[in-house]
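Below, each chain spelled out in residue letters.
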Amino acid sequence: MKNLKVPLAIENYIDNLHKRVTEAPLGRYLKDMAGAYQDAESVLVEDNPLVYRFWTFEPFPGGEGELAFGMTDLYPGLVGQEYFMTAGHFHRGSGGEIYVGVAGEGLLLLLTRDGELETRTVVKDTLVYIPSGWAHRMVNIGDETLRFTAFWPTGIEHDYASIRRDGFGYRVLKTEDGPKVVKCK
Ligand SMILES: [Fe+2]
């Protein structure tokens, strides 16, 4: 096959991905997603921390049936009571995804467009299948960096706008009894 830009085997997959993340990270700072947090305004006055960074690999050719993959480092932190989290998105049309936990402790929020919520705890070696139609947002509920890899079909469109516009409907707050998922008003 010509034009194959994805190695058929990546030795030490995680280490190599991490190296490339370090070289060319795509970062999301708090200001990039200020509206997602209940108390972002007060935090933004003083600071603009890096919330997460990610690296993705879209194979070429990326026609139907190929798989893209990537890795995310989601840092520990709080905005008020609310844990650091990813922006979250839907896939337009059909297209599932697989997340695999590598390090740390996360809570994955899954949401339908009708507002139905499911959550999954993600730690090292957890595999979660995200079916078509479910938005996904990862929340770092631990004290260390949460690292996870993801695999998704090439060619899908990511819909971040719906979550930016409507919110996710639920927040994950740090309490004395541990993480608590609360519905937004
Ligand atoms: Fe996705």
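Notes on the structure in this doc start here. As the structure is a prediction and not an experimental result, all values here were calculated from the model.

Observations regarding the coordination of the iron ion
Octahedral metals with six donors have ideal donor angles of 90 or 180 degrees. Tetrahedral metals with four donors have an ideal donor angle of 109.5 degrees.
Move 1: Coordination of the iron ion by the protein involves His89 (NE2), His91 (NE2), Glu97 (OE) and His136 (NE2), with metal-donor separations of 2.0 to 2.2 Å.
Move 2: Taken together, the four donor atoms coordinating the iron ion and their angles of 87 to 167 degrees define a geometry best described as irregular.
Move 3: Between consecutive donors of the iron ion, the numbers of intervening residues give the motif H-x1-H-x5-E-x38-H. In this pair, His91 is assigned in strand S6 (residues 90-91) and His136 in strand S11 (residues 135-140), connecting sequence segments 45 residues apart. Accessibility classification places His91 together with His136 in one group, the buried group.

Notes on the sheet that holds strand S8 (residues 106-111)
Move 1: Pairing is antiparallel in the open sheet, where three strands are placed in the order S9-S8-S11. Both outer strands of the open sheet, strand S9 (117-122) and S11, are each paired with one neighbouring strand and no more. Across this sheet, the average inter-strand angle for adjacent strands is 20 degrees, counted without regard to direction.
Move 2: Relative to S9, S8 runs antiparallel, the two being bridged by six bridges. Looking at S9, one finds that Leu111 is bridged to Leu117.

About the cut-offs
Residues numbered from 1 in each chain as written. Predicted model: local features only at pLDDT ≥ 70, side-chain atom pairs only at ≥ 80, totals over all residues. Heavy atoms only, no water. Donors = N, O, S within 2.8 Å, 3.2 Å for Na, K, Ca; no water. Tetrahedral: all angles 85-135°; square planar, octahedral: opposite > 155°, others 65-115°. Helix = DSSP H or I, 4+ residues; strand = E, 2+ residues; numbered from the N terminus. Buried < 20%, exposed > 50% of the residue type's maximum accessible area, 1.4 Å probe, protein only. Pairing = 2+ DSSP bridges. Axes fitted to C-alpha atoms, helices over the stretch in contact; angles between N-to-C directions.

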